[in-house]
Amino acid sequence: TDGINRLSISSTSSTRSNMSISSSSSKESFPACQDRRLLLDLDRAIEKNSLLQQAEEVSISELLVFVKPDWRSKDFMEKHINEIHATVDKVRQSLAEFLDFSKGAVANASYLPDLTLHNKMKKQLQRLSDSYQILAQTSQALDTCSWSLNVLVVNKPQSKCDDLDRFVMVAKTVLDDAKGLASSISANAELLFQRGSCMSHLERTTGNSNTDKLIYNSPPFQTIREERTPVQTTPVSSLANTITIPNFNISDSSGKSWMEDYDY
């Protein structure tokens, strides 16, 4: 039995159900969805949604490059353990950033007259949040053992998955789940965000015309327009050679992240 067999997707669902995701057992558990409206210009929201989802996709693809039949052997781990460690951190951090953006979009959907979209997106968000907590717990366990080769090198088939196995299995499920939520946001962007109004208000109140990464956070959210124009979508394609993974740390309290400019 090789490494790929041990990481079969068939065992992923049991990993989700058997592994605790309570916040008390994880120092880095993702906070529960709160009513935080994301007041971002329509065009910027569409772009941000696409970039964040693609960043997550690229980071997971980079991780899966290492998953080979002999990837847990001593020779392979000695050569690539630092790269694997860095990629695991990227996967967790990029998912945290995509989730933070998505939480705002889901909160926006809760203000629509018809809550069908909100209920759908809330379920999609919850699934990703559950996956994030498993990724956070398993990566913390790997950090606790200092990514020791004595722990991570596997020379014999194992009957149970270890923390690195679990991380990879759950990361695989995140690919499709993140695409699904990103597609829901993109297809309904004109219902969730408003074109121009938020950005122009921010420029007037801050005197800053360079609002590319800022999120408007003062005035109340305006009523959704009843006249709906055709939905604009942005193709979700691989940007492995061009995208820069956001260097996001959810425990960072410096206040410099664009995600902290929310209306609580």
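Before any of the text, the structure's been laid out above.
The following paragraphs examine the structure supplied in this document. Here the structure is a predicted model, which is why all the values come from computation and not from measurement.

We now examine the overall build of the chain. Looking only at helices and strands, the chain features 9 helices and 0 strands. Secondary structure elements in the chain, listed N-terminal to C-terminal, are α-α-α-α-α-α-α-α-α. Burial statistics for the chain: of 264 residues in total, 49% are counted as buried. Within the structure as shown, the chain displays about 13300 Å² of accessible surface, and the carbon and sulfur contribution to it stands at 48%.

At a minimum axis distance of 9 Å, the contact between helix 3 (residues 42-64) and helix 4 (residues 74-109) shows a crossing angle of 155 degrees. Considering the angle they form, helix 3 stands roughly antiparallel to helix 4. Here helix 3 and helix 4 pass one another in a crossing that is left-handed. Contacts between helix 3 and helix 4 involve A45, K48, N49, L52, Q53, A55, E56, S59, I60, E62 and L63 from the first element and I84, T87, V88, K90, V91, S94, L95, E97, F98 and F101 from the second.

As for its placement among the helices and strands, S59 is situated in helix 3. Owing to a relative accessible area of 0%, S59 belongs among the buried residues under this scheme. As for S59 and T87, which are separated by 28 residues in sequence, their C-alpha atoms are 6.6 Å apart. Among the polar contacts listed, one links the side chain of S59 to the backbone oxygen of E56, at a separation of 2.8 Å.

Next up on the list: the nonpolar core. Membership of the largest hydrophobic core comes to 52 residues, with the highest contact counts inside it found for I84, M121, L164, L192 and F193. Among the secondary structure elements, those contributing two or more residues to this core are helix 3, helix 4, helix 5 (116-144), helix 7 (163-187) and helix 8 (189-192).

Below, the discussion takes up unusual backbone geometry. Even without glycine at this site, S146 takes up a positive phi of about 60 degrees. Structurally, S146 can be placed in the loop between helix 5 and helix 6 (149-152). Classification of S146 as exposed rests on a relative accessible area of 58%. Despite not being glycine, W147 shows a phi value in the positive range, around 50 degrees. Take W147: its relative accessible area is 7%, and that puts it in the buried class.

With that settled, the discussion passes to the pattern of salt bridges. Considering all chains together, one arrives at 9 salt bridges under this definition. E47 is the salt-bridge partner of R44, the closest N and O atoms lying 1.9 Å from each other. Placement of both R44 and E47 in helix 3 is noted, with a separation of 3 residues, approximately one turn of the helix. Overall, E47 belongs to the partly exposed group, its relative accessible area being 38%. Each of D43, E190 and R195 takes part in salt bridges that share partners, so that together they form one network.

Rules used throughout
- Residues numbered from 1 in each chain as written.
- Predicted model: local features only at pLDDT ≥ 70, side-chain atom pairs only at ≥ 80, totals over all residues.
- Heavy atoms only, no water.
- Helix = DSSP H or I, 4+ residues; strand = E, 2+ residues; numbered from the N terminus.
- Buried < 20%, exposed > 50% of the residue type's maximum accessible area, 1.4 Å probe, protein only.
- Areas by Shrake-Rupley, 256 points an atom, 1.4 Å probe, with all protein chains shown as cover.
- Axes fitted to C-alpha atoms, helices over the stretch in contact; angles between N-to-C directions.
- Parallel < 35°, antiparallel > 145°, perpendicular 65-115°, else oblique.
- Left-handed = near helix turned anticlockwise from the far one by under 90°.
- Contact = heavy atoms within 4.5 Å.
- Polar contact = N/O pair within 3.5 Å; in protein donor to acceptor, adjacent residues only side chain to side chain.
- Core = buried A, V, L, I, M, F, W, Y, C linked by side-chain atoms within 4.5 Å.
- Salt bridge = Lys/Arg side-chain N within 4 Å of Asp/Glu carboxyl O.

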